[in-house]
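# Examining the three-dimensional arrangement
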There are 2 protein chains.
Amino acid sequence: MASVFTKIIQGELPSYKLMEDKHSIAILALDQVTLGHTLVIPKIEVDHWFDVPTEAFLQVQRNSQILARALQKATQCPRVMTATVGFEVPHCHLHLIPAWSMADLNFARGVRRTPEEMKSIQERIIGHLHEAVSK
Amino acid sequence: MASVFTKIIQGELPSYKLMEDKHSIAILALDQVTLGHTLVIPKIEVDHWFDVPTEAFLQVQRNSQILARALQKATQCPRVMTATVGFEVPHCHLHLIPAWSMADLNFARGVRRTPEEMKSIQERIIGHLHEAVSK
């Protein structure tokens, strides 16, 4: 059965999309640990991140640097943390979490935000992508 | 002042080294969250991971896939988690943590191991690197 992320990639489920290319997609996480919490996901459905083919894996990583710069501008967070965990959805994904302290690396803090909050942070992040790419 | 990682890279401080190339080094973490906990570090001393020049950043990522495959073989862990946090040493580094559950993503669990334990896990990981590279 297709993973929830494959369904999002195929347009069968909605998402707040930030970026998409041949190999990957970036969306806002459904449960936001901090506002702006983003997932960067290879399109290929692979469970373990270290099994993702190199080209797709490196595209995820390249995009994560660009997205993190935009996240920092959009949220004014002092750091952007990353994590790959893998005990829930068997389709690997990289978390980018705007962070003010170590305590923000805590998935139990994830909460649903209103559609208005999600749309607003999506627009702010996208608005900073151009300068983040050209850095 | 040079970071603790720069001192390790320059050979001024000891470490349990797993891998080294032009752009990066991989060592066992001083405080082991789980046995085998590894740091992959760009040689260039940059605070935020998203500011590391692309070539060095992607080399860190390429090596992290190889190291994670070797870690899984060496420790028989079901997953290898990754994290970049950044609130302590201002020289970015990617954590690779052998994991049996979500609870292993907890830096408060980091503990010093004996030199014998460190040498033994270092040898086991290095022993699996060749097959991990050629995968």
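This report concerns the structure included in the present document. (Residues numbered from 1 in each chain as written. Chains lettered and ligands numbered in written order. Predicted model: local features only at pLDDT ≥ 70, side-chain atom pairs only at ≥ 80, totals over all residues. Heavy atoms only, no water.)

### Focus on the interface of chain A and chain B
A common way to report how large an interface is uses the accessible area buried once the components associate. Between chain A and chain B, the residue contacts involve 34 residues of the former and 34 residues of the latter. Taking both partners together, chain A and chain B bury about 3,200 Å²; carbon and sulfur atoms supply 61% of that area. In terms of surface lost to chain B, no three residues of chain A exceed F50(A), R79(A) and F87(A), which account for 23% of the buried area on that side. Where chain A touches chain B, the interface holds two salt bridges. Here D47(B) makes a salt bridge to R79(A), at a shortest N to O gap of 2.8 Å. If you list the elements that add at least two residues to the side of chain A that touches chain B, you get α2 (54–75), β4 (79–84) and β5 (94–99) of chain A. Grouping the amino acids of the side of chain A that touches chain B by side-chain chemistry returns 18 nonpolar, 10 polar and six charged. Judged from the three bridges that link them, β4(A) and strand β4 (residues 79–84) of chain B form a sheet pairing that is antiparallel. (Contact = heavy atoms within 4.5 Å. Buried area = accessible area lost by both parts, 1.4 Å probe. Salt bridge = Lys/Arg side-chain N within 4 Å of Asp/Glu carboxyl O. Helix = DSSP H or I, 4+ residues; strand = E, 2+ residues; numbered from the N terminus. Nonpolar A, V, L, I, M, F, W, Y, C, P; charged D, E, K, R; others polar. Pairing = 2+ DSSP bridges.)

### Here's the deal with the pattern of salt bridges
Counting across every chain of the model gives 12 salt bridges over all chains. As a salt-bridge pair, E20(B) and K17(B) come within 2.5 Å of each other at their nearest N and O atoms. Using a relative accessible area of 36% as the deciding quantity, one classes E20(B) as partly exposed. Among the ionic pairs, D104(B) bridges to R109(B), the shortest N-O distance being 3.2 Å. Each of the salt bridges in this network shares a partner with another, and the network as a whole consists of K17(A), E20(A) and K43(A). (Buried < 20%, exposed > 50% of the residue type's maximum accessible area, 1.4 Å probe, protein only.)

### Quick word on the pairing of strand β1 (residues 17–20) of chain A
Note on strand geometry: in a regular strand, side chains alternate between the two faces of the sheet. Residue and element names in this part refer to chain A. Across three bridges, the pairing between β1 and strand β2 (residues 24–28) is antiparallel. Residue K17 lies in a different strand from β2, and its bridge partner there is I27. Linking two consecutive strands that pair antiparallel, namely β1 and β2, is a turn of three residues.

### Quick look at the side chain of T82(B)
Secondary-structure assignment places T82(B) in strand β4. In terms of polar contacts, T82(B) uses its side chain to reach the side chain of T84(A), at 2.7 Å. When sequence neighbours within four positions are dropped, the list of residues in contact with T82(B) reads W49(A), T82(A), A83(A), T84(A), L94(B), H95(B) and L96(B). (Polar contact = N/O pair within 3.5 Å; in protein donor to acceptor, adjacent residues only side chain to side chain.)

### Focus: α2(A)
Residue and element names in this part refer to chain A. With 22 residues, α2 extends 31 Å between its outermost C-alpha atoms, agreeing within 8% with the 32 Å of an ideal straight helix rising 1.5 Å per residue. Most of α2 is tucked away, with 17 of its 22 residues classed as buried. Positive backbone phi, approximately 60°, marks Q76, located one or two places after α2. (Expected span 1.5 Å × (residues − 1).)

### Remarks on the sheet that holds strand β1 (residues 17–20) of chain B
One open sheet accounts for 10 strands, arranged β1(A)-β2(A)-β3(A)-β5(A)-β4(A)-β4(B)-β5(B)-β3(B)-β2(B)-β1(B); its pairing is antiparallel. Each having just a single partner strand, β1 of chain A together with β1 of chain B make up the two edges of the open sheet. When the angles between neighbouring strand axes are averaged without regard to direction, this sheet yields 15°. Sheet strands touched by α2(A): β1, β2, β3 (38–42), β4 and β5 of chain A. Its angle to β5(A), the strand with the most contacts, is close to 20°. On the sheet, helix α3 (residues 115–133) of chain A packs against β1, β2 and β3 of chain A and is oriented at approximately 35° with respect to β1(A). (Axes fitted to C-alpha atoms, helices over the stretch in contact; angles between N-to-C directions.)

The values are spatial; any link to function lies outside them.
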